[in-house]
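Chain residues, written in single-letter form:
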Amino acid sequence: MISFSKSQKFLSTSTMATEAESVDTGAAGDGAVESKPVACTADSEGGPAEQAPVTVPEGAGVSCMTSDMGNIVAQETDTSSSETVDFKVIFNKQKFDVSMQLDSTIEELKAKTQILTGVPPQMQKIMYRGLAKDQQTLRELKVTKGAKIMVVGSTLNDVLSVTAPSEKELKEETKATVSKEPLSQQKVHKKVLDKYGKPDDVLPGIKNHREPLPPAPLSGMYNKSGNKVRLTFKLEADQVWIGTKERTDKIPMNSIKLVVSEPIDGHEDYHLMGLQLGPTEASRYWIYWVPAQYVEAIKDAILGKWQLF
């Protein structure tokens, strides 16, 4: 069988005709790629058009042209860029039918997945035979028709639901804000501080002192549910990772609207800090026992110059 590589291969009319006649038609039954003849024609001067059948793999793109020597030649056309694959995206027991070009990247798949699931690309993990990297293509991952691709991630609503205040707590917090009562003395926060106390493994705090963010994650703190919290700042990705024992949420810094903090009454070397992930105060994610020397560095990293306005 005559085969063509992605580089151009030219055969004269007589050669193609001879090779086409010698093809073993029984090979297809042994697992070979099914082939078909393609006729290339050229008008001869004063005579009928000449035809040369060329045997090529089924589905291959072939065009015919005339060389400078007057011979008919066949040229393979690369059609791989238009190949598509149908597969399923699975997220939280939901299944979505997706069709994309095989040369699409995982980064492009994440953008499409955001529309389907509401999970920002920065907070997605694409799992297919392991963790897929953003620059890998579906072709490189060998994604085939009907394949199942798993998406792991959290929407901002999922993050907020972990520590979402009850209606009663929200009313108490609003009342305390109006009266300008210190955060640590507000009933909703005092209840948490009294219940869980000061963590044994919290980092040392230094009041009236400012330090840059440490290279290691900030740990030893806890959230409103008493779950231990660590903060990891991925400045190159513009993300802050909020990690607990159960999960790690990768929050885009530009999605955090506000950072509020106040010293804890009686422990001024530590702060109570709220990261506002939505438009209202109800969307604040509260963290207790943040070392005072890192508070300004945290605000600078998340809000930058915008915290001045």
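Structure shown above.
This write-up is about the structure you can find in this document.

Definitions and cut-offs
- Residues numbered from 1 in each chain as written.
- Predicted model: local features only at pLDDT ≥ 70, side-chain atom pairs only at ≥ 80, totals over all residues.
- Heavy atoms only, no water.
- Pairing = 2+ DSSP bridges.
- Helix = DSSP H or I, 4+ residues; strand = E, 2+ residues; numbered from the N terminus.
- Axes fitted to C-alpha atoms, helices over the stretch in contact; angles between N-to-C directions.
- Contact = heavy atoms within 4.5 Å.
- Buried < 20%, exposed > 50% of the residue type's maximum accessible area, 1.4 Å probe, protein only.
- Salt bridge = Lys/Arg side-chain N within 4 Å of Asp/Glu carboxyl O.
- Phe/Tyr/Trp six-rings, centres within 6.5 Å; stacked < 30°, edge-to-face > 60°.
- Lys NZ or Arg CZ within 6 Å of the ring centre and 35° of its normal.
- Core = buried A, V, L, I, M, F, W, Y, C linked by side-chain atoms within 4.5 Å.

### Overview of the sheet that holds strand β9 (residues 218-223)
Within the open sheet, the 7 strands sit side by side as β12-β11-β10-β9-β15-β14-β13. Their pairing is antiparallel. With partners counted over all chains shown, the strands left at the sheet margins are β12 (248-252) and β13 (258-264), one partner each. The average angle at which neighbouring strand axes cross in this sheet is 30°, direction not considered. Packing of helix α5 (residues 187-196) onto the sheet brings it into contact with β9, β13, β14 (267-276) and β15 (284-291), and relative to β15 it is tilted by some 50°. The sheet strands contacting helix α6 (residues 295-303) are β9, β10 (228-234), β13, β14 and β15, and the helix crosses β13 at an angle near 175°.

### Some thoughts on the pairing of β9
Across the 6 residues of β9, 5 count as buried, placing the element largely inside the fold. With 3 bridges connecting them, β9 and β10 associate as antiparallel partners. If you follow Met221 over to β10, its bridge partner there is Val229. As consecutive antiparallel partners, β9 and β10 are separated by 4 residues, and within that stretch Gly226 has a phi angle of approximately 85°, a positive value. Here β9 pairs with β15 via 2 bridges, running antiparallel. From the neighbouring strand, Tyr222 faces β15, where its bridge partner is Tyr288.

### Remarks on the pattern of salt bridges
Any two side chains of opposite charge can pair, on the condition that their charged atoms come close. On inspection of all chains with the given rule, the structure shows 9 salt bridges. Where Arg284 meets Glu281, a salt bridge forms, and the shortest distance between an N and an O atom there is 4.0 Å. For Arg284, a relative accessible area of 13% corresponds to the buried category. Taken together, the shared-partner salt bridges in this structure form one network comprising Glu83, Asp103 and Arg139.

### Observations regarding the packing of aromatic side chains
Scanning all chains against the criterion turns up 3 aromatic pairs. On the numbers, 5.5 Å between centres and 70° between planes, the contact of Tyr270 with Trp289 is edge-to-face. Remark: Trp289 occurs in strand β15 and Tyr270 occurs in strand β14; sequence separation between them is 19 residues. Exposure remark for Tyr270: the relative accessible area of 3% places this residue in the buried category. A relative accessible area of 3% places Trp289 in the buried class. Across the ring face of Trp241, the terminal group of Lys234 is positioned such that the distance to the ring centre comes to 4.7 Å.

### Some points on the sheet that holds strand β7 (residues 124-127)
Across the sheet, which stays open at both edges, the 4 strands sit in the order β6-β5-β8-β7 with mixed pairing between neighbours. At either end of the open sheet lies a strand with only one pairing partner, and these are β6 (94-101) and β7. Ignoring strand direction, the axes of neighbouring strands in this sheet form an average angle of 30°. When strand β5 (residues 84-91) meets strand β8 (residues 148-153), the two strands line up parallel, connected through 3 bridges. Looking at the pairing, Lys88 lines up with Lys148 of β8. Contacting β5, β6, β7 and β8, helix α2 (residues 106-117) runs over the sheet at an angle of about 140° to β6.

### Focus on unusual backbone geometry
Although it is not a glycine, Asn92 sits at a positive phi angle of roughly 50°. Along the chain, Asn92 turns up in the loop between β5 and β6. The exposure class of Asn92 is exposed, given its relative accessible area of 54%. Not every positive phi belongs to a glycine, and Trp289 is a case in point at roughly 70°.

### What to know about the nonpolar core
Formed by 43 residues in total, the largest nonpolar core has its most connected members in Phe87, Val143, Leu231, Leu275 and Ile302. Not counting residues up to four positions away in its chain, the partners in contact with Leu275 are Ile242, Ile256, Leu258, Val259, Ser283, Arg284, Tyr285, Ile287 and Ile302. Formed by 12 residues, the second largest nonpolar core is a distinct cluster that contains Leu183, Tyr222, Tyr270 and Trp289.

### Side note on the pairing of β6
Where β5 meets β6, 8 bridges bridge the pair, whose relative direction is antiparallel. Its bridge partner lying in β6, Lys88 is registered against Asp97.

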